[in-house]
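Here is what each chain is made of, one letter per residue.
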Amino acid sequence: MSTQKPIKLTGSRARPLTGLARVAGDKSISHRSVMLGAVAVGRTQVEGLLEGDDVLATAAACRLLGARVEQLGPGRWQIDGVGLGGLAAPDQVLDMGNSGTAARLLLGLLATHELSATMTGDASLVKRPMGRVIEPLSRMGAKFTARDGNKLPLTIEGAVLPVPLVYELPVASAQVKSAVLLAGLNAPGATSVIEREPTRDHTERMLGHFGADMRVEDIGNGKLQATVVGRPELIAPKDPIRVPADPSSAAFPCVAALLIEGSEIKLPDVGTNPRRTGLYETLREMGADLRFENEREEGGEPVADLVVRASELKAVDVPASRAPSMIDEYPILAVAAACARGTTTMRGLAELRVKESDRLAMIANGLAACGVRVESGDDWLSITGDGRPPAGGTTVATAFDHRIAMSFLVLGQVSAQPIAVDDAAAIATSFPDFVALMNRLGGSIS
Ligand SMILES: O=C(O)C1=C[C@@H](OP(=O)(O)O)[C@@H](O)[C@H](O)C1
Ligand SMILES: C=C(OP(=O)(O)O)C(=O)O
């Protein structure tokens, strides 16, 4: 949570959104390109890197660990790697800010480097569970001293003799999967992660792109096993990595355009990795007029241009099995559901409770304050709309959560009365250009 002065912003009834919306680079892919660049041999070039606070925290940490990480121009970065095993002990605490991805993935890399480092984060990150990575990484030989045993700040001592691991994920988490695979990079032999519910696979794809011996197999019973063979020659790719626009960020202008009558927008170069597109599938089921055009592949990731037209939405049941492919999109889906006709039920949401805020509670309380009928349980939400936007006319608490802030600013642009958010500063963690982009399209956030 920021120590800076809160930034209060208000979303008010907007004109139809039109035009081209270039959305910021994918956060997950940006973190990974900097981290893999830092441990590869040679110079990794990146285009379209997300320059949000979360990724800048990864860049700063990789510098403290000895890699050269430089910005050449807007979105254009280069990383001179130290080679696998070459990370150096940092002479300062690694501050991962608000970013769970930065903290957990970096702990993976550090776990098999013979060094000691202390890591912390902001008031939100220090509340989030780290036991989920401490447990497997300890089995690989790393040692941890953590506040309350499983929270930041913590000190990690990387393994002197790393042990490879076969690990079945107890929770559907790409961050835990990635932490174990990244630790496996500098362990002898093969390290595998087994998952029952497929989570985003950017680490697997990018490891392949850097030349690692990486394979993913279907091992039956609905399980996938991702295996990396340790101590590969990890080589900086010849061509720059082009980071697609983030489908999780594109979700906000997309839902705004669906809800604001008369809108039609185009979002170029959006990542369409099927492990990330659950929201778009759900919106289509709700009757959304959205289509992906010009589908292609760039740097091992599928991308397309997303065209969205205002649509009348109807309620749907969102199955728990879809949660991993849209885990960050429930706040904005809840906004769409509040304006749809009927009762939308979303299940399998337990993980929402351990994000930047308890998102399940923040969505339920925020929508109720805006006049929406909401019910919730431990891991589910149901939202009833009558096909028209709700009353609004309130200030919603965000708990320094970027996705909560952006979601309610979208709702404020369609609700009968404006909706303010108490602090929009966190938006800079993932989508620094959000307010300017929305207003350029015809939105009304000030
Ligand atoms: O691996 C990643 O880049 C991410 C994985 C997800 O977290 P979990 O692994 O905790 O589900 C997601 O919520 C986060 O925004 C980014
Ligand atoms: C959960 C998120 O990120 P992280 O876990 O990296 O903080 C998010 O961006 O919604």
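Residues numbered from 1 in each chain as written. Chains lettered and ligands numbered in written order. Predicted model: local features only at pLDDT ≥ 70, side-chain atom pairs only at ≥ 80, totals over all residues.

Please explain the sheet that holds strand β21 (residues 380-386) as it appears in this structure.
Within a sheet, each strand pairs with its neighbour through backbone hydrogen bonds, oriented either parallel or antiparallel. Ordered by their spatial adjacency, four strands build an open sheet running β18-β19-β21-β20, and the pairing between neighbours is mixed. The sheet is open, and its two borders are formed by β18 (317-318) and β20 (373-377), each paired with just one other strand. Along the sheet, helix α9 (residues 330-339) contacts β19 (341-347) and β21; its crossing angle with β21, the most-contacted strand, is approximately 35°. Sitting on the sheet, helix α10 (residues 359-369) touches β20 and β21, and the angle it makes with β20 is about 160°. (Pairing = 2+ DSSP bridges. Helix = DSSP H or I, 4+ residues; strand = E, 2+ residues; numbered from the N terminus. Contact = placed C-beta atoms within 7 Å. Axes fitted to C-alpha atoms, helices over the stretch in contact; angles between N-to-C directions.)

Is there a simple way to think about the site of ligand 2 in this case?
Close contacts around ligand 2 come from Asp54, Ser99, Gly100, Thr101, Asp328, Lys355, Glu356, Arg403 and Ser430, and that covers them all. By residue class, the composition of the shell around ligand 2 is no nonpolar, four polar and five charged. Two domains each donate at least three residues to the shell around ligand 2, and these are domain 1 (9-25 + 244-441) and domain 2 (27-237). (Near = placed C-beta within 6 Å. Nonpolar A, V, L, I, M, F, W, Y, C, P; charged D, E, K, R; others polar. Domains from an automatic or database assignment.)

Teacher, can you tell me more about the nonpolar core here?
What tends to happen in soluble globular proteins is that the nonpolar side chains get buried as a cluster. Leu106, Val255, Leu258, Ala334 and Ala336 are the most contacted members of the largest nonpolar core, which totals 146 residues. If you count residues domain by domain, this core takes at least three from each of domain 1 (9-25 + 244-441) and domain 2 (27-237). Those residues in contact with alanine 334 that sit more than four places away from it in its chain are Ile363, Leu367, Leu381, Ile383 and Ser407. (Core = buried A, V, L, I, M, F, W, Y, C linked by C-beta atoms within 7 Å. Buried ≥ 20, exposed ≤ 12 C-beta atoms within 10 Å, placed from the backbone.)

When you look at helix α5 (residues 174-184) in this model, what are you seeing that I'm missing?
Since the α-helix packs 3.6 residues into each turn, any two residues three or four apart lie on the same face. Where burial is concerned, most of α5 is hidden: 11 out of the 11 residues are buried. When α5 is considered as a whole, its buried residues turn out to be Ala174, Gln175, Val176, Lys177, Ser178, Ala179, Val180, Leu181, Leu182, Ala183 and Gly184. Where α5 is buried, its residues touch α3 (100-111), α4 (131-139), β10 (166-168), β11 (190-195), α6 (202-209) and β13 (223-229).

Explanation requested: the site of ligand 1 in the structure shown.
In the region of ligand 1, the neighbouring residues are Ser28, Gly100, Thr101, Ser173, Ala174, Gln175, Ser178, Arg200, Ile327, Asp328 and Glu351. Of all the secondary structure elements, the ones that give two or more residues to the shell around ligand 1 are α3 and α5. At three residues, the largest contribution of residues to the shell around ligand 1 is made by α5. The class makeup of the residues in the shell around ligand 1 is two nonpolar, six polar and three charged. Counting contributing residues, the shell around ligand 1 receives three or more from each of domain 1 (9-25 + 244-441) and domain 2 (27-237).

None of the figures reported here should be taken as evidence of function without further support.
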